[in-house]
Amino acid sequence: MRKKFQLFLFLRKRPSLKARVLFHFILKGTLRRDFFAHVKKEPGGCWIWTGQRKKKGGYGRKNFGAANIKCLYSAHKLSFLIANGIQNWDELPPVIRHTCDNPPCVRPSHLLGGTYKDNVHDMFERGRANRPKGERNGSAKLKLTEVTAIRKSTGTLKEMASTFGVSITTVRKIRKGESWKGCELPRGTA
Ligand SMILES: [Zn+2]
């Protein structure tokens, strides 16, 4: 009876197919067991997903299915859901970040719920973003590495302008910190 009521409350929220399939396993009480069958606790502190991995990025993933329906779930998102007692897949935070920067890790204490904005900020902080802040500006002619070189250089404005193919004003603004404000290469790469 209690399960039926839980199901009623859940379905009232008009859940997605993914959420419905997963809820079936939550109600059955087998989600946690199925999940932890694929987890290996490493001495370094991370809990590594031993099941299927996504080719790009190395994130773990797991299939759950009912009858002829199969749904694929991110392993670290499943872990966050289980650890936080979330029953509806649709109610997960849009982004679950790894504080250990180890994609196959599913240890709940290494995961942090957040927004897309947080995630981009995180990637930038860690130097994994392909295009740092200043470069994302469509009109940017310089790369962050070049901006850093200009900041560090001791040559004249004119020399720098011709070396990097930009105007003297651009070089002056970079040196004064007026443009590319807050854009720095991650530590250790400069
Ligand atoms: Zn970890």
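Our subject is the structure listed above.
One numbering rule holds for all chains: residues counted from 1, following each sequence as written. For this predicted model, a pLDDT threshold of at least 70 governs which residues receive local features, and a threshold of 80 or more governs which side-chain atom pairs are given and counted, while totals over whole chains, interfaces and linings are taken from all residues. Here the side-chain values reflect all heavy atoms present in the structure, with hydrogen atoms and water set aside.

A. Geometry of the environment of F23. Helix and strand definitions follow DSSP, with helices as H or I runs of at least four residues and strands as E runs of at least two, each counted in order from the N terminus. As for its placement among the helices and strands, F23 is situated in helix α2 (residues 17-28). Linking F23 and Q6, residues 17 residues apart in sequence, is a C-alpha distance of 9.9 Å. Not counting residues up to four positions away in its chain, the partners in contact with F23 are Q6, L7, F10 and Q87. It only takes one pair of heavy atoms within 4.5 Å for two residues to be counted as in contact.

B. Representation of the packing of aromatic side chains in the model. Aromatic contacts are taken between Phe, Tyr and Trp rings whose centres are within 6.5 Å, Trp giving its six-membered ring; a plane angle under 30 degrees counts as stacked, one over 60 as edge-to-face, and the others as tilted. According to the stated counting rule, one finds eight aromatic pairs in the structure shown. Measuring from centroid to centroid gives 3.8 Å for F10 and F23, while their planes differ by 10 degrees, and the two rings are stacked. Placement of the pair is F10 in helix α1 (residues 2-11) and F23 in helix α2, with a sequence separation of 13 residues. As far as the burial class goes, F10 and F23 line up, both buried. Geometrically, the ring pair formed by F64 and Y73 is edge-to-face, given 5.9 Å between the ring centres and 70 degrees between the ring planes. To sort residues, take the accessible area from a 1.4 Å probe on protein chains only and compare it with the maximum for the residue type: under 20% means buried, over 50% means exposed, and anything in between is partly exposed.

C. Representation of the pattern of salt bridges within the structure. Criterion for a salt bridge: a side-chain nitrogen of Lys or Arg within 4 Å of a carboxyl oxygen of Asp or Glu. For the coordinates displayed, the defined rule picks out three salt bridges. Residue K13 is joined to E91 by a salt bridge in which the shortest nitrogen-to-oxygen separation is 3.3 Å. Of this pair, K13 sits in the loop between α1 and α2 while E91 sits in the loop between α4 (75-83) and β5 (95-98), and the two are 78 residues apart along the sequence. In this structure, R33 engages D34 in a salt bridge whose closest nitrogen and oxygen atoms are separated by 3.6 Å.

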